[in-house]
Every structure is written in structure tokens, then in C-alpha cells.
Amino acid sequence: SQLTDRMTFPQRVKNLLFDISNAFLCNFIFQSYSKLASEFLQRELTVLDLLRKSSSSVWLVRLDFVLDYPRPLMPNMIPIGGVNCAHKE
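Residues numbered from 1 in each chain as written. Predicted model: local features only at pLDDT ≥ 70, side-chain atom pairs only at ≥ 80, totals over all residues. Heavy atoms only, no water.

Caption draft 1: Expanded view of a nonpolar patch on the surface. Together, Leu25, Phe28, Ile29, Phe30, Tyr33 and Leu36 give the surface a local cluster of nonpolar side chains, amounting to about 670 Å² of exposed area. Counting only elements with at least two residues in the nonpolar patch, the list comes to helix 1 (9-29) and helix 2 (31-41). Broken down by element, the residue count for the nonpolar patch peaks at three residues, all from helix 1. Relative to the helices and strands, Ile29 resides in helix 1. (Patch = residues over 30% accessible without salt bridge, like charges linked within 9 Å, V, L, I, M, F, W, Y side chains within 5 Å. Areas by Shrake-Rupley, 256 points an atom, 1.4 Å probe, with all protein chains shown as cover. Salt bridge = Lys/Arg side-chain N within 4 Å of Asp/Glu carboxyl O. Helix = DSSP H or I, 4+ residues; strand = E, 2+ residues; numbered from the N terminus.)

Caption draft 2: Focus on the confidence of the model for the protein. Predicted confidence across the protein gives a mean pLDDT of 75, with 74% of residues reaching 70 or more. Mean pLDDT in the protein bottoms out at helix 4 (residues 65-68), which sits at 68, and peaks at helix 1, which reaches 84. (pLDDT = per-residue confidence, 0-100.)

Caption draft 3: Region of interest: the packing of aromatic side chains. Throughout the structure, instances matching the rule amount to one aromatic pair. Between Phe30 and Tyr33 the ring centres are 5.9 Å apart and the planes differ by 50°, which places this aromatic pair in the tilted class. (Phe/Tyr/Trp six-rings, centres within 6.5 Å; stacked < 30°, edge-to-face > 60°.)

Caption draft 4: Region of interest: helix 2. Those residues of helix 2 that fall on the buried side of the exposure criterion are Ser34, Ala37 and Ser38. Down the axis of helix 2, the buried set is contained in an arc of 105°. They therefore lie on one face. When the buried face of helix 2 is taken as reference, the exposed residues oriented beyond 90 degrees from it are Tyr33, Lys35, Leu36, Glu39 and Phe40. Against the buried residues of helix 2 lie helix 3 (47-51). Two residues or fewer past helix 2, Gln42 is found with a positive phi of approximately 60°. (Buried < 20%, exposed > 50% of the residue type's maximum accessible area, 1.4 Å probe, protein only. Arc of directions from axis to C-beta. Contact = heavy atoms within 4.5 Å.)

Okay, structure coming up:
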């Protein structure tokens, strides 16, 4: 919602509605990923479990080193290559 920490009451209501709609959309869009993670980890997971800090220990970051080079990376982030990388024969 791009609102700051100093909001009026209508802005707080807008922020709450925005957050609730994001939670429902997140569950709908990433439902297949939660099924995939549940099969891989052999335990029942939800989308919120996947996005929490405790279960997201490694992030694979796909970025272009030419465009995004001066960027700090957390220790749990692993760069995996450029955006437009393709195998050339």
C-alpha cells in the first residue's frame, strides 16, 4: 500500500484491507508451490509457513550481474545466474 508509519484512520483501514487481500491472493497463487514443498519435505506446509523466516533458510536469487552488481546479498542468498542466460550451441 506504500503508506508510511504515520497514517490516518482511513489509511490504516486501507492498509488492513490491502494486507488481507494479499493474504488471500498469496494462498491462491502459490498453492501449487505449497503442495510441491509439502511433497518434498514430507510434512504439511502452508504458504505462510514457506514465507516465514524459519523455513526460508536459503534463497536462490536470479539476477543479472551487469545490471544489479552493486547490491548487498544476505548470507542465505545464493546468486544462480543472469536473467537472460541461455545455453548456446
